[in-house]
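Commentary on secondary and tertiary structure
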Amino acid sequence: MTWLLSLAFISALIGPRPWQPIKSVNIATVDIRPTWDSPWLQQRLAADPAIENILNGYIADLASLGFSTEQQSVAIDAGRYPVARHKESRRLPAASLTKIATTLAALETYGINHQFETFIGWRGTIANGVLQGDLIIKGAYDPLFVWEEGIALGNTLQQLGIQRVTGSLIVVDRFVMNFNTDPLESGKLLKQAMDSATWGWQVDKQYATLPPGTPKPTLKIQGQVQLASAGPTIDQASGWLVRHKSLPLAVILKAMNIYSNNVMAEMVATLAGGPANVVKIAEQTGVAPGEISLVNGSGLGEDNQLSARAVIVLMQAIQTKLQTQNLNFADLFPVSGTDVGTLIDRTIPQNASVKTGSLAVVSALAGVFPTEKKDLVWFAIVNYGSGLETLRARQDRLLAGIEQQWAKASQVPPQIKATLQFNQGPYRLGDPKRNELIQPPTAQSQ
């Protein structure tokens, strides 16, 4: 009866009111569809016990072969949501998966279009095709200055009218050629590249990759290669002839990752502030503290450690950053069926974009591949233990099982379709267009 008294009391307060008809609602104007981008719903849609069973079988297989299940870290995601995990937060030696962190740090530091500039100058007198004095090269720590670049530079200098140098080749600052970080040795390699009379089979082999009709430079430098400090040498320069621009950073990173080049990775990490800063950038991106520890940028050594979950975070951060520039993860990492490099002899799903990693007791694999049912599948596998060929075969088998469960994609989704091809089109090594004239060497004197 209490509730009846309450109603009567309320009615007495507000007084009698006439009944109002309920306003009609146009149901067509009401959106009753579920919010498909809800994290909870997406995670429910991503869940698949079959994939969990496949991963459990993979771990059980490794255990039967004598591998410790505690020393394996695996993460499998459908899109942005976890599907199956094993020790995903366990930090383990990850070998060249370290280069994924290095790649992200370089992108954050410089941006995809950054080009490293190497300057070529002179001191003395230039007349009748002869530089009476020294040729100067001021390095920029370009990670991908190779034979083809040196050949193109020699041709450019000759086109400017310099056929012979009576003095020395003076190397200033951090000039690196053919992944040799000793500036004196790199200077000797450049001197060789610019004079085809001194070539060996290695230079001939790289020259053959250049467009047909590319001239063979014959620039003679009579003196030796010398190192000099930046200040006095630059102050004494008579002028600067050429600004050599490297390939864009995105292309450099693609080459670094295709061939898993350790020297390039060390250089890129140094340019990005060193391994401590690479870790800092990774953690700012979302990697949990304690799931990454690096001592260099290449992954050489067991002290470079990552968890599978951390690798997933890094890869997806790279994807997010690149998509704002109309690129994607596949533009910076090797693609199965397209790129060779470290993917030789692997049976990875077609069109997977991946990074491999290997040490004596480490086999790692991470990347993304398309499926018909779940679109993009992101994965990271960090295996610790002896037996690289065995571990690689099991990794490939794991990915094949996932692809079979979710069906092979009928086409490559735009989100992971590579548009940037290393050493092709505008990204060719030895492109003379990247040698920009600064000052013509016409009858100038000291």
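Worth saying up front: this structure is predicted, and the values here are computed from it rather than measured.

Digging into the overall build of the protein
- Along the protein, the regular secondary structure elements total 13 helices and 16 strands.
- When burial is assessed residue by residue, the protein has 50% of its 446 residues classed as buried.
- Considering only contacts in the protein between residues 6 or more positions apart, those separated by 24 or more positions represent 73%.
- Carbon and sulfur atoms make up 53% of the accessible area of the protein, which amounts to about 20,600 Å² in all.

Notes on the side chain of Asp48
- Assignment of secondary structure puts Asp48 in the loop between helix 2 (39-46) and helix 3 (49-64).
- Lys374 provides the closest opposite charge to the buried, salt-bridge-free Asp48, at an N-O distance of 5.4 Å.
- If we skip the residues at most four places from it in the chain, Asp48 touches Val83, Gln405 and Trp406.

Details of the confidence of the model for the protein
- On average, residues of the protein score 90 in pLDDT, and 88% of them reach the 70 mark or higher.
- Here residues 1-37 is modelled with pLDDT under 50, and outside its nearest four sequence neighbours on either side it reaches eight contacts, counting other chains as well.

Describing the pattern of salt bridges
- Evaluated as defined, the whole model comprises 17 salt bridges.
- The partner of Arg123 in a salt bridge is Asp134, with the nearest N and O atoms 3.0 Å apart. Remark: Asp134 occurs in strand 5 (residues 130-138) and Arg123 occurs in strand 4 (residues 117-127); sequence separation between them is eleven residues.
- For Asp396, the salt bridge is made with Arg346, and the minimal N-O distance between the two is 2.8 Å. In this pair, Asp396 is assigned in helix 13 (residues 388-406) and Arg346 in the loop between helix 12 (308-323) and strand 13 (353-359), connecting sequence segments 50 residues apart.
- A relative accessible area of 16% means that Arg346 is categorised as buried.
- Each of Glu117, Arg243, Lys245 and Glu436 takes part in a single network of salt bridges with overlapping partners.

Digging into the packing of helix 5 (residues 147-159) against helix 6 (residues 183-193)
- Interaxial distance between helix 5 and helix 6 falls to 8 Å at its minimum, and their mutual angle equals 55°. Overall, the two elements helix 5 and helix 6 adopt an arrangement that is oblique. The element helix 5 and its partner helix 6 pack so that their crossing is right-handed. The segment helix 5 lies against helix 6, with Trp147, Gly150, Ile151 and Leu153 engaging Leu189, Leu190, Gln192 and Ala193.
- A breakdown of the residues in the contact of helix 5 with helix 6 according to their chemical character gives six nonpolar, two polar and no charged.

Brief notes about the environment of Gly139
- Assignment of secondary structure puts Gly139 in the loop between strand 5 and helix 5.
- Along the chain, Gly139 and Glu117 lie 22 residues apart, while their C-alpha atoms are 7.6 Å from each other.
- Excluding residues within four positions of it along the chain, Gly139 makes contact with Thr118, Val172, Asp173, Arg174 and Phe175.

What to know about the pairing of strand 7 (residues 169-172)
- Residues Leu169 and Val171 point to one face of strand 7 and Ile170 and Val172 to the other, with burial holding for every one of them.
- Two elements, strand 5 and strand 7, share four bridges in a ladder whose sense is parallel. Bridging across to strand 7, Ile136 finds its partner in Ile170.
- As defined by bridge partners, strand 7 adjoins strand 9 (residues 225-228) across four bridges and the pair is classed as parallel. Each bridged residue has a counterpart across the sheet, and for Ile170 the counterpart in strand 9 is Gln226.

Notes on the sheet that holds strand 2 (residues 81-86)
- Read from one edge of the open sheet, five strands run 2-1-15-14-13, paired in antiparallel fashion. The two strands at the open ends of the sheet, each matched to only one other strand, are strand 2 and strand 13. Neighbour to neighbour, the strand axes of the sheet diverge by 10° on average, direction disregarded.
- Note that strand 13 and strand 14 (residues 362-371) share seven bridges and pair antiparallel. Directly across from Ser353, in strand 14, lies its bridge partner Val368.
- Packed onto the sheet, helix 13 meets strand 1 (72-78), strand 2, strand 13, strand 14 and strand 15 (375-384) and runs at close to 20° relative to strand 14.

Considering the sheet that holds strand 3 (residues 92-93)
- Spatial strand order, 3-12-11: three strands in an open sheet with antiparallel pairing. Edge strands, defined here as strands with exactly one partner in the open sheet, are strand 3 and strand 11 (292-293).
- Strand direction decides the pairing type here: strand 11 and strand 12 (residues 305-306), joined by two bridges, are antiparallel. Its bridge partner lying in strand 12, Ile292 is registered against Leu306.

Digging into the packing of aromatic side chains
- Taken as a whole and judged by the stated rule, the model has eight aromatic pairs.
- Judged by centre distance (5.6 Å) and plane angle (65°), the rings of Tyr110 and Phe116 are edge-to-face.
- Exposure remark for Tyr110: the relative accessible area of 29% places this residue in the partly exposed category.
- For Phe116, a relative accessible area of 5% translates into the label buried.
- Consider the rings of Phe329 and Trp378, whose centres lie 5.6 Å apart with planes at 75°: the pair is edge-to-face. Here Trp378 lies in strand 15 and Phe329 lies in the loop between helix 12 and strand 13, a separation of 49 residues in the sequence.
- On the accessibility criterion, Phe329 (0% relative accessible area) is buried.
- Lying over the aromatic face of Tyr141, Arg174 brings its terminal NZ or CZ to 4.4 Å of the ring centre.

About the cut-offs
- Residues numbered from 1 in each chain as written.
- Predicted model: local features only at pLDDT ≥ 70, side-chain atom pairs only at ≥ 80, totals over all residues.
- Heavy atoms only, no water.
- Helix = DSSP H or I, 4+ residues; strand = E, 2+ residues; numbered from the N terminus.
- Buried < 20%, exposed > 50% of the residue type's maximum accessible area, 1.4 Å probe, protein only.
- Contact = heavy atoms within 4.5 Å.
- Areas by Shrake-Rupley, 256 points an atom, 1.4 Å probe, with all protein chains shown as cover.
- Lys, Arg positive; Asp, Glu negative; His and termini not counted.
- Salt bridge = Lys/Arg side-chain N within 4 Å of Asp/Glu carboxyl O.
- pLDDT = per-residue confidence, 0-100.
- Axes fitted to C-alpha atoms, helices over the stretch in contact; angles between N-to-C directions.
- Parallel < 35°, antiparallel > 145°, perpendicular 65-115°, else oblique.
- Left-handed = near helix turned anticlockwise from the far one by under 90°.
- Nonpolar A, V, L, I, M, F, W, Y, C, P; charged D, E, K, R; others polar.
- Pairing = 2+ DSSP bridges.
- Phe/Tyr/Trp six-rings, centres within 6.5 Å; stacked < 30°, edge-to-face > 60°.
- Lys NZ or Arg CZ within 6 Å of the ring centre and 35° of its normal.

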